[in-house]
Each structure stands twice: as structure tokens, then as C-alpha cells.
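A closer look at the structure
So you can see what is in the structure, the chains are spelled out below.
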Amino acid sequence: MTNHREDLRVVSASREISAGAGHVFEFIADPSQQPRWDGNDNLSEAAAGQRVSAVDDVFSTTLTRGQVRENHVVEFVEGQRIAWRPAEPGQQPPGHLWRWELEPIDASRTRVTHTYDWTGLTDESRIPRARATTADMLQRSLDRLAALAEHEGSDPS
């Protein structure tokens, strides 16, 4: 018998953040900010100067266990959407995707949706970790992101 949770290969969470979409987007598109809001507690650091600006950009992050990941940007609309596929350095991404979508409600409020999609994951060794990534973890990222965006001025650095 298959567990329903095992079949869930796309998980997402959404929330309203009391900050403009452009401001919120800066925290996401600047990899050096990501360890500050990562709800998976998986990111240790990312060097400054890697601000994403287009599809095909690649930025590097260091995980808490010391491994480096190259993140290949596959979707990008400034201030609205960004998605990347992580990979080991010099390797092709194994198929999982992190996506952020921002919808302005008005000038000072934004609905943000965070999605983890592992429908294309080809590396069997990564499936247990992918399965363990829950909507609650994504919600933690959103909540941490909201706390930063709502309490810091227009410049996240």
C-alpha cells in the first residue's frame, strides 16, 4: 500500500507579507540573504554579489554540513517569480525545484507562495530527503522571510 504522503511530490505554502513585492523579492533573489530565512535550516552561507537577474544564472550556497550547491535559475521574472534547481558543483541538476511566486496585493502587502517540486527528481538517493520536505518547512521559510521583510527597511543588506 502506498502512503499518500509518499505520493506528494509538489508541496507549497503561502502567506501574506506586509511589505511590497520588490522589497520581499530582494531577500529571495540575493543568495547571501537566503540563510537568514531558510526554514529547512539547511543553508550555512552564500557569498555576496550573486544577486540573480535572469534565467540561466547560477549561484552557489554552502549547506550546513559543508557541501556546496550550484543553483541553476530556470524561471525568473523580476519582482514576481524565481525558481532554481540545485546541483552538486559541475553536475547537472538531479531534477528538484525551489520556486517563489510573489503577487502584489497593494503597495505594502504581498502574497508569497513557496513551492518545492520533486516530480522530476532522478537521483534515487535524494528521494528520502525530498519526501521529508514538508509544507510546514516551507511555511517556516515564509514566516522567517516575513519577519525580515516586515522589520527591515528597503535595503535587506
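What counts, and at which threshold
Residues numbered from 1 in each chain as written. Predicted model: local features only at pLDDT ≥ 70, side-chain atom pairs only at ≥ 80, totals over all residues. Heavy atoms only, no water. Helix = DSSP H or I, 4+ residues; strand = E, 2+ residues; numbered from the N terminus. Expected span 1.5 Å × (residues − 1). Buried < 20%, exposed > 50% of the residue type's maximum accessible area, 1.4 Å probe, protein only. Contact = heavy atoms within 4.5 Å. Pairing = 2+ DSSP bridges. Axes fitted to C-alpha atoms, helices over the stretch in contact; angles between N-to-C directions. Core = buried A, V, L, I, M, F, W, Y, C linked by side-chain atoms within 4.5 Å.

**Quick notes on helix 5 (residues 135-151)**
Compared with the 24 Å implied by 1.5 Å per residue over 17 residues, the 24 Å span of helix 5 between its first and last C-alpha is a close match. When helix 5 is considered as a whole, its buried residues turn out to be Met 137, Leu 138, Ser 141, Leu 142, Leu 145, Ala 146, Leu 148 and Ala 149. Along its buried surface, helix 5 packs onto strand 1 (10-17), helix 2 (21-29), helix 3 (34-37), strand 6 (97-106), strand 7 (109-117) and helix 4 (127-132).

**Side note on helix 2**
Extensive coverage of helix 2 is indicated by the burial of seven of its nine residues. Of all the residues in helix 2, the buried ones are Ala 21, His 23, Val 24, Phe 25, Phe 27, Ile 28 and Ala 29.

**Structural notes on the sheet that holds strand 4 (residues 68-77)**
Sheet strands line up and pair through hydrogen bonds in the backbone, either parallel or antiparallel. Across the sheet, which stays open at both edges, the seven strands sit in the order 1-7-6-5-4-3-2 with antiparallel pairing between neighbours. Across the chains shown, the open sheet's two edge strands, defined by having one partner strand only, are strand 1 and strand 2 (43-45). Ignoring strand direction, the axes of neighbouring strands in this sheet form an average angle of 30°. Summarising the sheet, strand 1 and strand 7 pair through eight bridges and their orientation is antiparallel. Paired with Val 11 across the two strands is Tyr 116, which belongs to strand 7. In the packing of helix 2 onto the sheet, contacts are made with strand 1, strand 4, strand 5 (81-87), strand 6 and strand 7, and the angle to strand 6 comes to roughly 165°.

**Considering the nonpolar core**
Nonpolar side chains tend toward joint burial in soluble globular proteins. One finds Val 24, Ile 28, Ile 82 and Trp 100 to be the most contacted residues of the largest nonpolar core, which totals 32 residues. Elements with a contribution of two residues or more to this core: strand 1, helix 2, strand 4, strand 5, strand 6, strand 7, helix 4 and helix 5. Those residues in contact with Ile 28, other than ones at most four positions away along the chain, are Gln 34, Trp 37, Ile 82, Trp 84, Trp 100, Leu 102 and Leu 145.

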